[in-house]
Amino acid sequence: MEECRLQKYMALCGVASRRRSEEMIVAGKVKINGQTVTELGTKVTSKDVVTVDGKRISPEEKKYYIMLNKPKYVICSVKDEKDRKCAVDLIEGIDARLYPVGRLDYDTSGLLLLTNDGEFMQKMTHPSFEVWKTYEALVKGVPDKVAEERFRTGMLMEGDPRQTAPALLTVLEKRDNDRSLVEVMLREGRTRQVRRMLETVGHPVIELKRVRIGSLELGNLKTGRWRQLREDEVEKLLGRGSEETETVWEEEF
Ligand code: URA
């Protein structure tokens with residue numbers, strides 16, 4: 001935050017109107033970095049510790065919730081030592097430090113959330129927050145009922161001693177040259193899990209795209225484009241995913 005006059009800063013923090021803040025300053029109620037300030041022109045930045053009647057104040061940072069259709073060959077880290085393109089670099093015109101919510105592989109495209117709201121991030125990425133994530137994958141071969149059943153009951157993947165949680169595999173479309181388009185739904189988020197599960201059942205991934213998180217769909221957002229989420233979309237995400245998805249699951253079992 002740039003330097004600003006103390007009374008404006010107080011108003012930004014929601015303490016009081018500028019006029020009322022001026023009165024409070026003159027009355028000696030305000031301290032900057034421990035020093036009482038009665039001078040109205042005093043400037044502050046967000047690095048200063050400002051207290052009013054002994055209570056620290058800080059400006060409300062606007063919270064951003066963004067969905068990006070991540071292209072392939074873009075990384076989810078905020079910075080890359082190999083200088084590869086980062087997902088946050090695709091979001092222009094937002095004056096906030098954004099972080100990706102969870103990860104997509106370098107070679108996976110699709111729905112990626114970004115935010116500057118630490119609480120939202122923590123909730124969405126905590127292992128207990130089991131929101132359904134849906135992926136579309138172009139795979140080698142055509143998975144059969146046995147493969148679908150292995151997704152449902154859980155499986156052991158190479159190099160991982162833990163059985164996977166129940167997930168869903170559905171063949172959407174058979175393609176030429178012994179390939180097919182499948183949908184995978186899972187609640188976990190282990191490293192390269194969709195690729196590893198499909199590999200385990202003998203159908204390696206050729207292309208992978210995330211199309212939905214809970215009730216939030218990528219829709220027709222073009223690759224590389226982004227948009228801010230509506231308030232109801234954020235609320236719904238925090239409301240533990242979509243009822244619709246739960247119904248799909250219940251019908252399947
Ligand atoms: N599963 C994967 O294998 N890759 C991703 O990027 C996300 C889920």
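Look above for the structure.
Scope of this entry: the structure provided in the associated data block. (Residues numbered from 1 in each chain as written. Predicted model: local features only at pLDDT ≥ 70, side-chain atom pairs only at ≥ 80, totals over all residues. Heavy atoms only, no water.)

A word on the packing of aromatic side chains
Scanning all chains against the criterion turns up two aromatic pairs. On the numbers, 5.0 Å between centres and 70 degrees between planes, the contact of Y65 with F120 is edge-to-face. Linking Y65 in strand β7 (residues 65–70) with F120 in helix α3 (residues 118–125), this pair joins segments that are 55 residues apart in sequence. In terms of burial, Y65 and F120 fall into one category: buried. (Phe/Tyr/Trp six-rings, centres within 6.5 Å; stacked < 30°, edge-to-face > 60°. Helix = DSSP H or I, 4+ residues; strand = E, 2+ residues; numbered from the N terminus. Buried < 20%, exposed > 50% of the residue type's maximum accessible area, 1.4 Å probe, protein only.)

A closer look at the side chain of D117
Mapping D117 onto the fold places it in the loop between β9 (108–115) and α3. Of the side chains with opposite charge, K63 lies nearest to the buried D117, which makes no salt bridge, at 5.3 Å. At 3.0 Å, the side chain of D117 and the backbone nitrogen of E119 are in polar contact. (Lys, Arg positive; Asp, Glu negative; His and termini not counted. Salt bridge = Lys/Arg side-chain N within 4 Å of Asp/Glu carboxyl O. Polar contact = N/O pair within 3.5 Å; in protein donor to acceptor, adjacent residues only side chain to side chain.)

Section: the pattern of salt bridges
Counted according to the given criterion, the structure contains 17 salt bridges. Notably, a salt bridge pairs E207 with K72, separated by 3.2 Å at the nearest N-O pair. Placement of E207 in strand β13 (residues 205–213) and of K72 in the loop between β7 and β8 (99–101) is noted, with a sequence separation of 135 residues between them. Among the residues examined, K72 registers a relative accessible area of 28% and is labelled partly exposed. Several salt bridges share partner residues, and in doing so they unite D105, D107, R192 and R195 into one network.

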